[in-house]
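# Per-entry structural report
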Amino acid sequence: GVQIRSALHFYPAFVLRDIDLLIVSFLQIKTATMGANGHSESTSLVHNSKADEENMRKLKAYQPWAFFVTFGGYFMAHFSRKCYSTVKQQLQEKAGYSPLILSEMDTVFMGTYAAGNIISGKLGDTFNPTTVLAIGLFGSGTCLFLINISLWFDFLSFSLALGNFFIIAVYFLFGFFQSTGGPVGTAVMGNWFCDKKSIENRGLIFGLWTCHQYCGDVTAALCTALVLGAGFNYTWALFIPALTNIGWGILTLKLVADPADVGIITPEVKIRMEKLKAKQAETGSSAVDEGPAPITYKAALQIPMVAQYAFAFGFFKLTNYVLFFWLPYFLGKHFDPVTANLIASLYSVGMMPGGIIVGYVSDVFGGRRASVIGVFMSMLFVFLFIFSKKSEELNASALLVMLCIMGILVGGPNNIITSAVAADLASHPSVRGNNKSLGTVTGLINGCGAITASIGLLAVGPLQATYGWSSVWLFLMGCTFTGTALMGTKIKDELFPAPEQYSEVEANLTV
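Right, let's walk through the structure included here.

Reading the values: rules and limits
- Residues numbered from 1 in each chain as written.
- Predicted model: local features only at pLDDT ≥ 70, side-chain atom pairs only at ≥ 80, totals over all residues.
- Heavy atoms only, no water.
- Helix = DSSP H or I, 4+ residues; strand = E, 2+ residues; numbered from the N terminus.
- Buried < 20%, exposed > 50% of the residue type's maximum accessible area, 1.4 Å probe, protein only.
- Contact = heavy atoms within 4.5 Å.
- Polar contact = N/O pair within 3.5 Å; in protein donor to acceptor, adjacent residues only side chain to side chain.
- 1 Å grid on protein atoms, 1.4 Å probe; cavity = no way out; pocket = protein on both sides within 12 Å on 5 of 7 lines; lining within 4 Å.
- Points joined across faces, edges and corners; volume = space filled by probe spheres on them.
- Nonpolar A, V, L, I, M, F, W, Y, C, P; charged D, E, K, R; others polar.
- Phe/Tyr/Trp six-rings, centres within 6.5 Å; stacked < 30°, edge-to-face > 60°.
- Lys NZ or Arg CZ within 6 Å of the ring centre and 35° of its normal.
- Expected span 1.5 Å × (residues − 1).
- Salt bridge = Lys/Arg side-chain N within 4 Å of Asp/Glu carboxyl O.
- Axes fitted to C-alpha atoms, helices over the stretch in contact; angles between N-to-C directions.
- Parallel < 35°, antiparallel > 145°, perpendicular 65-115°, else oblique.
- Left-handed = near helix turned anticlockwise from the far one by under 90°.

## Concerning the overall build of the chain
Looking only at helices and strands, the chain features 24 helices and zero strands. Looking at the chain as a whole, 50% of its 511 residues qualify as buried. Taking the intrachain contacts of the chain between residues at least 6 apart in sequence as the baseline, contacts between residues at least 24 apart amount to 82%.

Below you can see the structure in the form of structure tokens.
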């Protein structure tokens, strides 16, 4: 069966699925016949039994709840993170914090958030992911509450050094707690959306799921606008997300992180059990299944393309950060503040559907996500080239259209790499049967990307001051090209696939 499958690798995916069905059906009949003749007592892992149908029913029934809780958890992270940004003016004018301190808070947050992603992913694979997610939400809410205390009791009036040190120290911890939502939430999603249909639609599912960040950002802006518009003290804009984060943490504690925890047998569990049987037969030992062992950082980086994606994501994330943070400043040189912010907001609006579009298109093309991302980045390269030549001559209407499209082109790859692509990488044959790898893989990609982007941001100010804005757009063109080039081997493999090698266990489970 394995030889037949490998020899026909060039056929379309839907034909190969039918061939898989025939091969597996043959293996079922062969296994049953051998058992009847006394030559083998092993049973096939293929579905169609009542137990498999019941497992699938339970799995599908819980998926919406897992989606909802993890979506809400990451939504809360962005809600609380963005609320701080929306009251920066009040923190400076009413609370008395200097622009330098507010800038240092951002820098400290980025550093601990980047490192926290790498650590949180590993923690989620080592310990109960639900607990790690809840701790992140409880910690985020507590940090915001502590900032409120420092504002209510005006720590700066007691001591300037104490007030500054306290808020920076709290924000240092805030970055770590905020980092749990991405890698650990992605791991829980990967645990539950593991059936064949979900894997085929993984891009669309995760594309929809990654809308949490934009929903959180918009909600934060609306919350602050309502608080200030109603005449309440601005500290309520920080207190409300503190309460909602803690409340969602309580809800998260009730989430089941893995289907296996409630007795649902998934394909990953089947592969692990079959590998265990093979090991017992080979060694003659009575080894027992102790569950999947968490993957190490070294092993995660040895999964093909993980390191390349981690660095590629850094360059894509840098492009996003430059556009997100510097667009209002650039546009403010040519338009009034209201118009500049309106135009810049179209970039963020475009990012939301970007992940959905890239996810859906990559599903349509059989999961060839690197190729789709490469096309999007190539289109972005063209737009950046136009910006390098004409950005200071374009009118508001042209900028609105271009920035919305650029939001789609940047947001799509950024959202999909840290979700659907990470899930694809964690499903590599070298770690099949071990669902304790997705959090670590996602954390590495997210963390390394954030570190690369943070370092790259340091170049933007000097570039635009010395050589003008055209140099910044050329710099982003270089980032786009470098990130895409790092995915070159994966794009080549997707466009010109080599014959797939299946173990008999994986052949049995292709359907």
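Having put the structure on the table, let's press on.
## Some points on the side chain of Thr224
Considering the arrangement of structural elements, one finds Thr224 in helix 12 (residues 212-229). Thr224 gets classed as buried once you look at its relative accessible area, which sits at 4%. Separated by 2.6 Å, the side chains of Thr224 and Thr86 make a polar contact. Each residue touching Thr224, except ones within four places of it in the same chain, is listed here: Cys83, Thr86, Val87 and Ala237.

## A few points about the environment of Gly374
With respect to the element layout, Gly374 can be found in helix 18 (residues 369-390). Spatially, the C-alpha atoms of Gly374 and Met487 are 8.0 Å apart, while their sequence positions differ by 113 residues. Other than its neighbours up to four places away in sequence, Gly374 contacts Thr484, Met487 and Ile491.

## Some remarks on the layout of surface pockets
Considering only enclosed or pocket space, the second largest pocket measures out at about 1,700 Å³ in volume. In this structure, the second largest pocket is lined by 46 residues; those nearest its centre are Lys82, Ser85, Tyr321, Phe324 and Phe325. Of all the elements in the fold, those that place two or more residues in the lining of the second largest pocket are helix 3 (50-86), helix 5 (99-126), helix 9 (181-192), helix 12, helix 16 (306-331), helix 17 (337-364), helix 19 (396-425) and helix 20 (438-457). Residue classes in the lining of the second largest pocket are distributed as 21 nonpolar, 19 polar and six charged.

## As for the packing of aromatic side chains
Applying the stated rule across the entire model yields 25 aromatic pairs. Here Phe206 and Trp209 contribute two aromatic rings whose centre-to-centre distance is 6.0 Å and whose plane-to-plane angle is 85°, an arrangement assigned as edge-to-face. Of this pair, Phe206 and Trp209 both sit in helix 11 (residues 202-209), three residues apart, which is roughly one turn of the helix. In terms of burial, Phe206 and Trp209 fall into one category: buried. Here the aromatic cluster, defined as three or more aromatic residues joined through ring pairs, consists of Tyr84, Phe109, Tyr113, Tyr171 and Phe174. The lysine or arginine in question, Lys122, covers the ring of Tyr297, its NZ or CZ lying 6.0 Å from the ring centre.

## Looking at helix 20
The end-to-end C-alpha distance of helix 20 is 28 Å, a good match for the 28 Å that 20 residues give at a rise of 1.5 Å each. Counting buried positions along helix 20 gives 15 out of 20 residues, so the element sits mostly inside the fold.

## A short note on the side chain of Thr442
Within the secondary structure, Thr442 is located in helix 20. You can call Thr442 buried: its relative accessible area is 0%. Only 2.8 Å separates the side chain of Thr442 from the backbone oxygen of Leu438, close enough to count as a polar contact.

## Examining the pattern of salt bridges
Once their charged atoms are close, side chains differing in charge can pair, the charge on each being opposite to the other. Counted according to the given criterion, the structure contains seven salt bridges. Between Lys60 and Asp195 there is a salt bridge, and its shortest N-O distance comes to 3.3 Å. Here the residue Lys60 occupies a position in helix 3, and Asp195 occupies one in the loop between helix 9 and helix 10 (196-200), the gap between them amounting to 135 residues. Given the relative accessible area of 34%, Lys60 is considered partly exposed. Here Asp195 falls in the buried class, since its relative accessible area comes to 3%. Across the pair Asp363 and Arg369 runs a salt bridge, and its minimum N-O distance is 3.1 Å. Overall, the relative accessible area of 13% leaves Asp363 in the buried class. Through salt bridges with shared partners, a single network forms among Arg202, Asp363, Arg369 and Asp424.

## Section: the packing of helix 3 against helix 8 (residues 160-178)
Two elements in contact, helix 3 and helix 8, have axes whose closest approach is 11 Å; the angle formed by their N-to-C orientations is 155°. Taken as axis vectors, helix 3 and helix 8 run roughly antiparallel relative to one another. For the crossing formed where helix 3 meets helix 8, the hand is left-handed. From helix 3, Ala77, Ser80, Arg81 and Tyr84 reach across to helix 8, where they touch Tyr171, Phe174 and Gln178. When its residues are assigned to classes, the contact of helix 3 with helix 8 shows four nonpolar, two polar and one charged.

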